[in-house]
Protein chains: 2
Amino acid sequence: MYLSKLFIPILKENPSEAKIKSHQLMLRVGMIKQSSAGIYSWLPLGLKIMKKIENIVREEQNKIGAQELLMPTIQSADIWKESGRYNDYGEEMLRIKDRQGREMLYGPTNEELITEIFRASVKSYKSLPQSLYHIQWKFRDELRPRFGVMRCREFLMKDAYTFDLSDEDAVKSYNKMFFAYLKTFKRLGLTAIPMAADTGPIGGNLSHEFIILAETGESKIYADKRIFEVNTENFKLNDESLNEMRKKFDLYYAVTDEKFNKEDFDKKVIKNNHLITKGIEVGHIFYFGDKYSKPLNAFVDLQGGKKVAVKMGSYGIGVSRLVAAIIEAKFNNNVMKWPLSVAPYETVIIPMIKKNDNSNLKKAENLYKELKKNNIDVLLDDSDESLSAKLKKFELMGIPYQVIVGEKSKEDLFEFKEIDKESENLTIAKIVNKVISEKKRIDL
Amino acid sequence: MYLSKLFIPILKENPSEAKIKSHQLMLRVGMIKQSSAGIYSWLPLGLKIMKKIENIVREEQNKIGAQELLMPTIQSADIWKESGRYNDYGEEMLRIKDRQGREMLYGPTNEELITEIFRASVKSYKSLPQSLYHIQWKFRDELRPRFGVMRCREFLMKDAYTFDLSDEDAVKSYNKMFFAYLKTFKRLGLTAIPMAADTGPIGGNLSHEFIILAETGESKIYADKRIFEVNTENFKLNDESLNEMRKKFDLYYAVTDEKFNKEDFDKKVIKNNHLITKGIEVGHIFYFGDKYSKPLNAFVDLQGGKKVAVKMGSYGIGVSRLVAAIIEAKFNNNVMKWPLSVAPYETVIIPMIKKNDNSNLKKAENLYKELKKNNIDVLLDDSDESLSAKLKKFELMGIPYQVIVGEKSKEDLFEFKEIDKESENLTIAKIVNKVISEKKRIDL
């Protein structure tokens, strides 16, 4: 893609309305545009990143055998009355009357709807376990939407639901999701700590939040530093190994303020290992047993004919929020670097274009063709800005690899720079090789 | 995928509430489930097909240089008041009040919002042309939703919008979309005829509907048969060739009843070439000039400083509707055959499993591994139903290639059948080869 063709409204200054760095950056480099309070359009650059995140989330769900379906955004109030949550749910639920006067709502979550889908078709213990997920827009009518897509009203989430016959089986399903979450966040270049969480209004008795560390986070966290040393590479997708994995994590104290108890913390963690900071919640998993299956009548027949309410869990990942969360984690000292797995482009070519001299642009175009030929997703900045203005811009756009075609490039050598590292002069072949081998390493 | 693992609630009988064959089939083989009037959940089988359609639509938009972005589902009423459509739009618009009492709505279309995005960032003629699209759920509060996803309330559409400096340039953009539409429908295995259409309440002066023939269609159509003879392969993505293409199509009379004029029809088309039938609208393109850019103030600066309202067009494809439309076109004599490009699975393996004899299942599992190894997306029916029940089921599911592991298979030969064709006995290698070469042919 040539920058001049890309629909990317870049701002000269940080927008004053944005309070945190992800919100500033996303507006500044034209990733999003607010359309009304807490509701955003995703412009090409932002959408491309979000789609890559969505796809990694999807792949890791598929790997553990979860199946994708898609529930609608608009739901009938009826099933919410059946579960008893229609009145309990506060003003955050966007309630709607259709032209016939029927009570509808924009789904803030989907336990009711998925349970209804399940109960309509699954009748026997033989069809269990089931693990279903969808990736869909949700709406929560926040009183004070803020921080851009971090706390907005319309947002994209992956929500999975598992159905099992017994608590014991359900924990196995829970552990699989726990595993998938660790792998997902790792592929996104994030270190997410699973933290024992309060089960909150959604109910149940086993729950973890996945939190990434960030000073701008809304969750206060208290942890044993050593939790970072757990090597998730050691675990495999089988019940025994996943059980080991859970035990390993349970060894270390890690909670948000909701569950925090000072006495407990001091007793279990020596002062030296205390980690007290803030974080951003990017995932949340719950086991809630028959909380919904009982009122909604989701029973299956056992072998003898006895009926039993299925045991359910729900598992969320904030897909649109992750775009901002990655920025909070990776945007430091005014330099952004997207992990290659979700980068909007894999490489940018930055020619220094002088008046009446397009020789660098010509070289850049050749380079562009060569990288394209090797399936590298590349952006070429064909604008007539000064080189320093271009370099400044790309420190914000965060494309991980740059090829600068300027004074340092001569004959067949070009200045190649990985953001945050020293530049070196390389041939086209070496540049291609570098990018391709890194893509292979992370399995792109 | 093993059928026993797939979440696919198959019904024994056609559901009585469904009046047309696509609606019947989609419920019958567990592609969708109604959640409330005119609102559906997409189950794994249906979603997989829809995603493939969505992706073909996306690829063809990208090929003509359109850029993807994503506008939200919920919009503020403000910009609709600015364009003057808030009051004009009838009860089909789902109007919502949020907790602050602000007037919102679930987008039934996006001319206002895209114009607002455009005007906020594009200021100069130098940035034109622009072609932007999104694929998003829309809501129209139909008084009588019917025919399943064919006329439902929440539906998935691709909507593109083009912005040009002059009518002349705008026609070039229009022709590109016309071309992309022909290619899109062709890849979906459909013959869609472009028909001169009434511009309707959306306004403007140049418009085509893309219609596929189907007796269950809601549009009555009148055409010159010879329009089917236009070979779209002859045209290329450049202004001149596309101009030729448009002229070619304009030679032949083809309109829906809105534009129909009997005298005109009889004069322009000899009796023998009369085609009077029904069809399903799967796409619609409009050129409407400055209808929205003027009231919404989307002006750009010309070279001398003069300002001019940009010329806009809009271009829709009904993505979720296409799932049903393909069924209407391809489901005949109770046998469905999905085009390979959008098939839920590329091949199904159907072993005849007898009690106390799992030798066929074993063979089927080996076959499965072999096909998987060759990147063929394969389903294995490991259920204990009778072979005839299985075959009947797969006539409905419409997976284009079947491998039947039953009495006719011996040693290294298996019964291979393309739906609608005679079966033949082939080795695994030959089967793999057949499927792969067909995938290559259609560029999968």
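What counts and what doesn't
- Residues numbered from 1 in each chain as written.
- Chains lettered and ligands numbered in written order.
- Predicted model: local features only at pLDDT ≥ 70, side-chain atom pairs only at ≥ 80, totals over all residues.
- Core = buried A, V, L, I, M, F, W, Y, C linked by C-beta atoms within 7 Å.
- Buried ≥ 20, exposed ≤ 12 C-beta atoms within 10 Å, placed from the backbone.
- Contact = placed C-beta atoms within 7 Å.
- Pairing = 2+ DSSP bridges.
- Helix = DSSP H or I, 4+ residues; strand = E, 2+ residues; numbered from the N terminus.
- Axes fitted to C-alpha atoms, helices over the stretch in contact; angles between N-to-C directions.
- Least-squares fit on C-alpha atoms with pLDDT ≥ 70 in both.
- Parallel < 35°, antiparallel > 145°, perpendicular 65-115°, else oblique.
- Nonpolar A, V, L, I, M, F, W, Y, C, P; charged D, E, K, R; others polar.

Chemist: Quick one: what's the story with the nonpolar core, residue by residue and with numbers?
Modeler: Grouped together as the largest cluster of nonpolar side chains are 256 residues, with contacts concentrated most on A:Ile53, A:Ile349, B:Ile53 and B:Ile349. Residues in contact with A:Ile349, not counting those within four places in the same chain, are A:Ala364, A:Leu367, A:Tyr368, A:Val378, A:Leu380, A:Asp381, A:Val403 and A:Val405.

Chemist: An account of the sheet that holds strand 20 (residues 378-380) of chain B is needed here, citing residue identities and associated values.
Modeler: All names here are of chain B. Strand order in the open sheet formed by five strands is 20-19-21-22-23, and the pairing between neighbours is mixed. Bordering the open sheet on either side are strand 20 and strand 23 (423-426), each of which pairs with just one other strand. Averaged over all neighbouring strand pairs, the angle between strand axes comes to 25 degrees, with direction disregarded. Contacts between helix 10 (residues 359-373) and the sheet are confined to strand 19 (347-351), strand 20, strand 21 (401-405) and strand 22 (414-418), with strand 19 contributing the most and set at about 165 degrees to the helix.

Chemist: I'd love a proper account of the relation of the copies chain A and chain B, names of residues and values included.
Modeler: Taken together, a rotation about one axis and a shift along it account for how the two chain copies relate. Superposing chain A onto chain B takes a rotation of 180 degrees combined with a translation of 0.0 Å along the rotation axis, leaving an RMSD of 0.0 Å. When the rotation and shift are considered jointly, the pair of chain copies conforms to a two-fold rotation axis. Relative to the rotation axis, the closest C-alpha in chain A is found at A:Ile96, a distance of 3.0 Å. Taken as a fraction of all interface residues of chain A, those also at the interface in chain B reach 100%, which identifies the copy contact as same-surface.

Chemist: Describe the packing of helix 6 (residues 167-187) of chain B against helix 7 (residues 239-250) of chain B, and please don't skip the residues or the numbers.
Modeler: Residues and elements named next belong to chain B. The N-to-C vectors of helix 6 and helix 7 enclose an angle of 70 degrees; their axes lie 9 Å apart at closest approach. As judged from the angle between their axes, helix 6 and helix 7 are roughly perpendicular. Counted together, Lys172, Asn175, Lys176, Phe178 and Phe179 of helix 6 and Asp239, Leu242, Asn243, Met245 and Arg246 of helix 7 form the full contact between these two elements.

Chemist: Any chance you could break down the environment of B:Ser293 for me, citing the residues and the numbers?
Modeler: Residue and element names in this part refer to chain B. Among the structural elements, Ser293 can be located in the loop between strand 13 (274-289) and strand 14 (299-301). What makes Ser293 buried here is the crowd of 22 C-beta atoms within 10 Å. Measuring from C-alpha to C-alpha, the distance between Ser293 and Arg119 comes to 8.5 Å, with 174 residues separating the pair along the chain. Contacts of Ser293, omitting those with residues within four sequence positions, involve Thr115, Ala298, Ala309, Val310 and Met312.

Chemist: Describe the pairing of strand 7 (residues 130-139) of chain A, with residues and values.
Modeler: Looking along a regular strand, one sees the side chains alternate between the two faces of the sheet. Residue and element names in this part refer to chain A. Within strand 7, seven of the ten residues are buried, which leaves the element mostly enclosed by the surrounding structure. Where strand 3 (residues 67-68) meets strand 7, two bridges bridge the pair, whose relative direction is parallel. Counted as the bridge partner of Gln67 is Leu132 from strand 7. As judged from the ten bridges shared by strand 7 and strand 8 (residues 154-164), these two strands associate in the antiparallel manner. Bridge pairing in strand 8 links Lys138 to Phe155.

Chemist: Kindly report on the interface of chain A and chain B, identifying the contributing residues and their values.
Modeler: Contact residues are listed per partner, giving 38 residues for chain A and 38 residues for chain B. Every element with two or more residues in the side of chain A that touches chain B is listed here: strand 1 (32-36), strand 2 (39-42), helix 2 (44-63), strand 3, strand 4 (74-76), strand 5 (94-97), helix 5 (111-121) and strand 7 of chain A. A per-class count over the side of chain A that touches chain B returns 22 nonpolar, nine polar and seven charged.

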